[in-house]
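An overview of the molecular structure
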Amino acid sequence: MFNNATIRRAVCRISPMACGFQLLLAALVVPAGMLAQDTPLSNSSVKIVLGNDSPVVLVDSATGESRAISRGSALLIDLHMSLSLRNTSSKRIRSLKLGVVAQEVAVGGKGSVSQPGMNVGPGETFPVPIDMQLMKPAMAAGPLVEVKLDGVLFDDLSFYGSDLNAQRTLTAWEIEAQRDREYFRQVLARGGVEGLKKEIFASMERQRLRPQLEWRVPRGPAMTTAALGPERVEQFAFVQFPDSPVTAVGGTAQVAGNQMRSPRIDVQNRSGKPVKYVELGWLVRDENGEQYMAASLPASGPDLYLPARGTARVVQDKALDLSRNGRPLKIQSMTGFISQVQFSDGKVWAPSRQDLDKPELRNALPPSAEEQRLTDIYRTKGPEALMQELKK
C-alpha cells in the first residue's frame with residue numbers, strides 16, 4: 001500500500017472530465033440555491049461517477065468539514081472530503097485520477113485529484129482525499145459536486161478510462177517511478193545501507209536547496225514593452241539526450257523583462273514510430289547566473305502528428321510572468337530539453353537518471369513524485385522501512 005505522505009500530495013489541477021455510469025450517493029439532492037450563507041455539505045450533495053465496468057468501487061465516503069459558502073450570485077464550495085475505494089480488478093493499481101466538477105464551463109468550476117506512487121493489490125481498499133475549492137452558480141440545480149473516475153493505471157501499464165491525457169500522464173509517472181525505484185535499488189546493492197542513506201540525504205538536500213520560481217499567466221491584454229522593458233527574440237539552447245526519440249532542433253520565444261511568451265520550438269522524430277505528443281522542459285537563467293525550472297511546454301494540441309523521421313513545430317501562444325521571492329525575475333537566457341514523448345501506440349518515453357544528471361539540469365529540476373515519496377518514507381519511518389519498500 002502507499003503511505004499517507006503520498007496521499008497528502010494528491011495533485012489538483014484543471015482537466016477534462018471522463019464519462020461513465022453515475023452512482024448517486026443519496027436520492028435526495030438539495031438545489032444549490034436553497035443553501036444558506038454557510039452550509040455544511042452532506043453526502044447527498046455529491047454524486048460519484050465510476051463507470052459500470054470500473055476496476056474500483058466505492059466503499060464509503062465522508063464530506064468531513066466541506067462547506068458551501070455564499071458569494072453573491074455564486075457558491076464557493078470548500079471541499080475536504082474523502083473516499084474509500086476498493087480495487088476489484090486482478091491487477092495492482094499504480095496510479096489514479098479523479099475529476100471533480102461543480103460546473104463544466106466557468107473558470108474555477110472543475111479540478112482533479114491525481115495519486116501517483118500507489119501499490120494497491122486486488123481486493124485492497126484505499127483512501128482518496130479531495131481538498132480543493134470550486135465555484136458554482138448559486139441557483140444551479142442538481143448536485144453541488146460530481147466526482148468522476150478519469151482513469152486508473154495498472155502495474156502492467158494497462159489503463160482503464162476514457163481520458164487520454166490522464167493515460168499519458170499516469171503512464172509517464174509510472175515510468176519515472178520504475179526508473180527511480182530501480183536507481184535506489186542499485187544504490188542499495190552497490191553501497192549497502194550507508195550508500196542508500198548517503199543518496200537519500202543528497203536527494204533531500206537538492207529538494208531543500210532547489211531554487212523555485214513563482215509564475216502567473218497575465219490576465220487581459222499583454223503589458224506594454226515600456227512597462228516590462230525592451231522586448232527581444234531569445235533563442236533556446238537545448239540539452240540533448242542520446243536515447244531520446246525526439247530531438248529539439250531550434251526554437252525561440254519573445255522575452256521582455258520577467259515575461260516570456262509565444263515559444264516556437266522545432267522538433268524532429270528520430271525514431272521509426274509516429275509520435276502524437278511531445279513535452280519540453282523550459283529553464284531560465286537570471287542575470288546572476290542562477291538557473292530555474294520555469295515550465296513544461298506541451299504540444300499545442302491533440303492535432304500534433306510527428307511521423308517517423310519527420311519534423312513538426314511545438315507552439316504555445318501564451319505568456320508567463322516569472323518572479324522569485326515576490327520580485328520580478330529578469331530573464332537572461334533559456335534552455336529547453338525533451339521531457340516526455342508519447343508514441344501513436346500509447347507508449348511513453350521519459351529521460352533516464354543519467355540524462356537528468358547533467359550539470360545544467362541536476363539542481364534545477366524537481367524530483368519525481370516517486371523520489372519524493374521514497375525520501376518521505378526514509379524521513380518518517382527510517383532506512384528499514386525504505387529498504388522494505390524497495391523490495392516490493
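Structure's up top.
Quantities reported herein were computed from a predicted structural model and do not represent experimental measurements. (Residues numbered from 1 in each chain as written. Predicted model: local features only at pLDDT ≥ 70, side-chain atom pairs only at ≥ 80, totals over all residues. Heavy atoms only, no water.)

**Looking at the overall build of the protein**
A count of helical and extended segments in the protein gives 7 helices and 23 strands. Expressed as a percentage of the 392 residues in the protein, the buried residues total 52%. Considering only intrachain contacts with a sequence separation of at least 6, the fraction spanning at least 24 residues in the protein is 72%. Counting only carbon and sulfur atoms, one obtains 52% of the accessible surface of the protein, whose full area is about 18,300 Å². (Helix = DSSP H or I, 4+ residues; strand = E, 2+ residues; numbered from the N terminus. Buried < 20%, exposed > 50% of the residue type's maximum accessible area, 1.4 Å probe, protein only. Contact = heavy atoms within 4.5 Å. Areas by Shrake-Rupley, 256 points an atom, 1.4 Å probe, with all protein chains shown as cover.)

**Concerning empty space enclosed by the protein**
Using the criterion set out here, one finds 2 cavities of 30 Å³ or more in the structure. Roughly 80 Å³ of volume is contained in the largest cavity. In terms of lining residues, the largest cavity is bounded by Arg 94, Ser 95, Pro 116, Gly 117, Leu 170, Trp 173, Glu 174, Glu 176, Ala 177, Ser 368, Ala 369 and Glu 370. Among the secondary structure elements, those contributing two or more residues to the lining of the largest cavity are β8 (93-101), α2 (164-209) and α6 (369-381). Tallying contributions element by element places α2 first for the lining of the largest cavity, with 5 residues. Approximately 30 Å³ is the volume attributed to the second largest cavity. Taken together, Phe 236, Ile 265, Leu 280, Gly 281, Trp 282, Leu 297 and Gly 336 form the lining of the second largest cavity. Here the lining of the second largest cavity gets 3 residues from one element, more than from any other, and that element is strand β17 (residues 275-286). Split into classes, the residues belonging to the lining of the second largest cavity amount to 5 nonpolar, 2 polar and no charged. (1 Å grid on protein atoms, 1.4 Å probe; cavity = no way out; pocket = protein on both sides within 12 Å on 5 of 7 lines; lining within 4 Å. Points joined across faces, edges and corners; volume = space filled by probe spheres on them. Nonpolar A, V, L, I, M, F, W, Y, C, P; charged D, E, K, R; others polar.)

**Details of the pairing of strand β16 (residues 259-269)**
Inspection of the sheet shows strand β15 (residues 246-256) paired to β16 by 9 bridges, in the antiparallel sense. Bridge assignment links Gly 250 to a residue of β16, and that residue is Asp 266. The pairing of β16 with strand β20 (residues 319-324) spans 3 bridges and is antiparallel. Of the residues in β20, the one forming a bridge with Gln 259 is Asp 321. Relative to strand β19 (residues 311-315), β16 runs antiparallel, the two being bridged by 5 bridges. Across the sheet, residue Ile 265 finds its bridge partner in β19, namely Val 314. (Pairing = 2+ DSSP bridges.)

**Notes on helix α7 (residues 383-391)**
Buried within α7 we find Leu 386, Met 387, Glu 389 and Leu 390. The buried residues of α7 all sit within an arc of 160° when viewed along its axis, so they share a single face. Exposed residues lying more than 90 degrees from the buried face of α7 are Glu 384 and Lys 391. Next to the buried residues of α7 lie α2 and α6. (Arc of directions from axis to C-beta.)

**A closer look at the environment of Ser 296**
Tracing the sequence through the fold places Ser 296 in strand β18 (residues 291-298). Given the relative accessible area of 41%, Ser 296 is considered partly exposed. Taking the C-alpha atoms as reference points, Ser 296 and Gly 281, separated by 15 residues in sequence, lie 4.7 Å from one another. The contacts of Ser 296, once residues within four sequence positions are left out, are Glu 279 and Leu 280.

**Some remarks on the side chain of Glu 279**
When you line up the elements, Glu 279 lands in strand β17. At 4.0 Å, Arg 168 is the nearest oppositely charged side chain to Glu 279, a buried residue that forms no salt bridge. Polar contacts involving the side chain of Glu 279 include one to the side chain of Tyr 277, which spans 2.5 Å. With residues near it in sequence (within four places) discarded, Glu 279 still touches Arg 168, Ser 296, Leu 297, Pro 298, Phe 337, Ile 338, Ser 339 and Gln 340. (Lys, Arg positive; Asp, Glu negative; His and termini not counted. Salt bridge = Lys/Arg side-chain N within 4 Å of Asp/Glu carboxyl O. Polar contact = N/O pair within 3.5 Å; in protein donor to acceptor, adjacent residues only side chain to side chain.)

**Some points on the packing of aromatic side chains**
By the definition in use, this model includes 5 aromatic pairs. Here the aromatic rings of Phe 236 and Trp 282 are separated by 5.4 Å at their centres, their planes lie at 50°, and the arrangement is tilted. Note that Phe 236 is positioned in strand β14 (residues 232-238) and Trp 282 in strand β17, a separation of 46 residues in sequence. Judged on exposure class, the residue Phe 236 and its partner Trp 282 are both buried. Grouping aromatic residues by their ring pairs yields a cluster made of Phe 236, Phe 238 and Trp 282. Across from the ring centre of Phe 154, 5.5 Å away, lies the NZ or CZ of Lys 91, which sits over that ring. When the ring centre of Tyr 183 is taken as reference, the NZ or CZ atom of Arg 353 above it lies at 4.0 Å. (Phe/Tyr/Trp six-rings, centres within 6.5 Å; stacked < 30°, edge-to-face > 60°. Lys NZ or Arg CZ within 6 Å of the ring centre and 35° of its normal.)

**Considering the pattern of salt bridges**
Opposite charge on two side chains permits pairing when their charged atoms draw close. The full count for this structure, using the stated rule, is 29 salt bridges. We note a salt bridge from Arg 67 to Asp 38, for which the minimum N-O separation is 2.6 Å. Highlighted residues: Arg 67 in strand β6 (residues 67-71) and Asp 38 in strand β3 (residues 38-40), separated in sequence by 29 residues. In this structure Asp 38 comes out as partly exposed when scored by relative accessible area, which is 39%. Among the ionic contacts, a cluster of salt bridges with common partners joins Lys 47, Glu 104, Lys 110, Glu 146 and Lys 148.

By themselves, these observations are geometric and do not establish any function.
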